[in-house]
Amino acid sequence: MTQPADFDAIILGAGAAGMMCAAVAGQHGRKVILIDHADEPGKKILISGGGRCNFTNIHTSADRYLSANPHFAKSALSRYTPHDFLALVERHGIAWHEKTLGQLFCDGSAKQIVAMLLAECAAGNVQFGMGSPIRAVDHADGHYRVTVGERVVTAPALVIATGGPSIPQLGATGFAYDLARQFGLKVVQPRPALVPLTLGDDGALFRALSGVSAHVRASCGKVRFEEAALFTHKGLSGPAMLQVSSYWRHGEPIHVDFLPGEQGDWLIDAKRSEPRLTLKSVLARHLPARLAEALCERLGEARELANMPDAVLRDIQHRLSRWPFLPNGTEGYAKAEVTAGGVSTDGLSSKTLEARHLSGLFVIGEAVDVTGWLGGYNFQWAWASAQAAAKAL
Ligand SMILES: Cc1cc2nc3c(=O)[nH]c(=O)nc-3n(C[C@H](O)[C@H](O)[C@H](O)COP(=O)(O)OP(=O)(O)OC[C@H]3O[C@@H](n4cnc5c(N)ncnc54)[C@H](O)[C@@H]3O)c2cc1C
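Heads up: these notes are all about the structure in this document. (Residues numbered from 1 in each chain as written. Predicted model: local features only at pLDDT ≥ 70, side-chain atom pairs only at ≥ 80, totals over all residues. Heavy atoms only, no water.)

### Side note on the site of the ligand
- Taken together, 29 residues surround the ligand, and among them Ala 17, Asp 36, Thr 173, Glu 366 and Phe 379 come closest.
- At 2.7 Å from a nitrogen atom of the ligand is found a side-chain nitrogen or oxygen belonging to Thr 173.
- A distance of 2.8 Å separates an oxygen atom of the ligand from a polar atom in the backbone of Phe 379.
- Its free accessible area being 1000 Å², the ligand has 92% of it covered by the protein chains.
- Those elements giving two or more residues to the shell around the ligand turn out to be helix H1 (16–27), helix H2 (43–47) and helix H13 (377–390). (Near = heavy atom within 4 Å. Polar contact = N/O pair within 3.5 Å; in protein donor to acceptor, adjacent residues only side chain to side chain. Areas by Shrake-Rupley, 256 points an atom, 1.4 Å probe, with all protein chains shown as cover. Helix = DSSP H or I, 4+ residues; strand = E, 2+ residues; numbered from the N terminus.)

In structure tokens:
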């Protein structure tokens with residue numbers, strides 16, 4: 001005869017998605033255990049948003065996520081919205097503000113979000129199994145069995161919420177992918193995303209601008225982001241570059257419009273109104289002086305506008321609006337805010353995040369092949385996918 005299970009659900013990973021899922025399932029009367037090899041829950045939340053946690057984005061919609069199936073995230077995102085999460089934040093008396101582009105941050109500290117999730121878990125009588133490695137996970141007779149440290153726990157449902165391998169120094173691993181494969185789910189090739197891009201020797205002039213930032217429009221293929229870009233001693237970073245990095249593939253160029261605010265023949269207009277200006281001094285009105293200088297050096301132009309034919313100015317306008325960079329790589333998982341790719345949505349229900357072929361197995365959060373833009377979208381996916389699974393447990 002089969003032994004009765006110890007829990008209704010075992011949730012692996014006490015990060016954003018795991019804590020939310022455990023809290024909601026617990027509050028729905030499920031007996032839940034939340035297991036993590038880290039000694040503290042929510043470590044990524046604590047370092048997120050520069051310590052203030054950009055916990056959601058009010059412009060959340062499925063087209064702000066990358067996935068092999070662009071429709072997959074719609075169901076969960078529409079059933080648990082940024083306003084739902086905000087209502088929870090407000091119920092806990094956490095002060096917040098909108099920074100820019102719909103990004104909501106705590107006024108105080110990301111610690112408040114972790115404390116809120118822990119309080120919600122306590123309200124659901126969630127048990128914690130922290131600080132021991134998960135030695136084995138198997139499934140037999142309708143029960144999932146997890147060996148953690150010296151302990152064995154069983155349940156008819158298992159939720160994989162162990163995230164992706166970005167920032168391994170915080171304990172992040174690709175464990176979710178190993179488990180998913182073990183249970184017959186496919187994995188879309190994971191890759192670092194929201195990650196600084198590196199430039200080779202051909203970008204040395206720009207690497208020398210380390211610390212300089214400018215408001216640009218960066219594009220990769222058909223996607224474009226108008227935000228700040230930052231030159232680093234290795235290459236390109238800042239929000240605009242992090243955003244395009246998620247779409248970038250090896251061998252592809254990134255294009256940068258250094259003057260997204262300028263329209264038409266603006267350089268020719270400048271020549272008519274102030275012919276004695278040099279190109280460098282015109283650019284320095286819009287861009288940091290060091291960047292203006294580097295661009296002029298690359299363009300090989302030191303002349304005054306008056307001495308430059310209109311055709312040359314037109315060509316320069318065009319080059320400044322589509323400046324190509326050919327990154328030779330990224331700074332990798334050590335610096336990536338998220339991992340793109342992950343457990344394929346093909347095998348999961350978009351409504352519940354449950355495996356189609358194996359009852360009781362769920363995958364939520366960053367482990368799934370759903371990756372948000374920079375700006376609170378990744379936490380919103382963690383909350384929404386967790387809610388969807390919790391309600392099905
Ligand atoms: C520096 C940084 C800043 C960020 N800022 C923001 C932001 O402001 N806004 C935003 O929306 N997103 C932000 N993100 C992304 C966001 O943190 C993640 O998308 C989100 O945490 C994913 O939630 P998750 O629960 O799926 O995974 P995680 O929060 O990563 O949780 C996974 C949990 O699983 C555990 N785990 C992993 N492997 C194992 C294993 N083998 N055994 C046992 N346990 C394991 C980990 O210890 C962890 O507790 C940031 C990420 C980084 C790195």
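There's plenty left to go through after this.
### Some remarks on the pattern of salt bridges
- Enumeration over the complete set of coordinates arrives at 14 salt bridges.
- Among the salt bridges present, the one from Glu 150 reaches Arg 135, with a minimum N-O distance of 3.8 Å. Separated by 15 residues along the polypeptide, Glu 150 in the loop between strand S9 (143–148) and strand S10 (151–155) and Arg 135 in strand S8 (residues 134–140) bring together distant segments of the chain.
- Given the relative accessible area of 52%, Arg 135 is considered exposed.
- Taking the shortest distance from any N to any O, the salt bridge between Glu 331 and Lys 335 comes out at 3.9 Å.
- On the basis of relative accessible area, Glu 331 is assigned to the buried category, the value being 19%.
- Members of the salt-bridge network, linked through shared partners, are Arg 217, Glu 226 and Asp 257. (Salt bridge = Lys/Arg side-chain N within 4 Å of Asp/Glu carboxyl O. Buried < 20%, exposed > 50% of the residue type's maximum accessible area, 1.4 Å probe, protein only.)

### A word on unusual backbone geometry
- Notably, Cys 53 is not glycine yet its phi reads approximately 55°, a positive angle.
- Secondary-structure assignment places Cys 53 in the loop between H2 and strand S3 (54–57).
- On the basis of relative accessible area, Cys 53 is assigned to the buried category, the value being 0%.
- In the Ramachandran plot, Leu 353 falls in the positive-phi region, its phi being about 65° despite a non-glycine side chain.
- Relative to the elements of secondary structure, Leu 353 occurs in the loop between strand S20 (338–343) and strand S21 (361–363).

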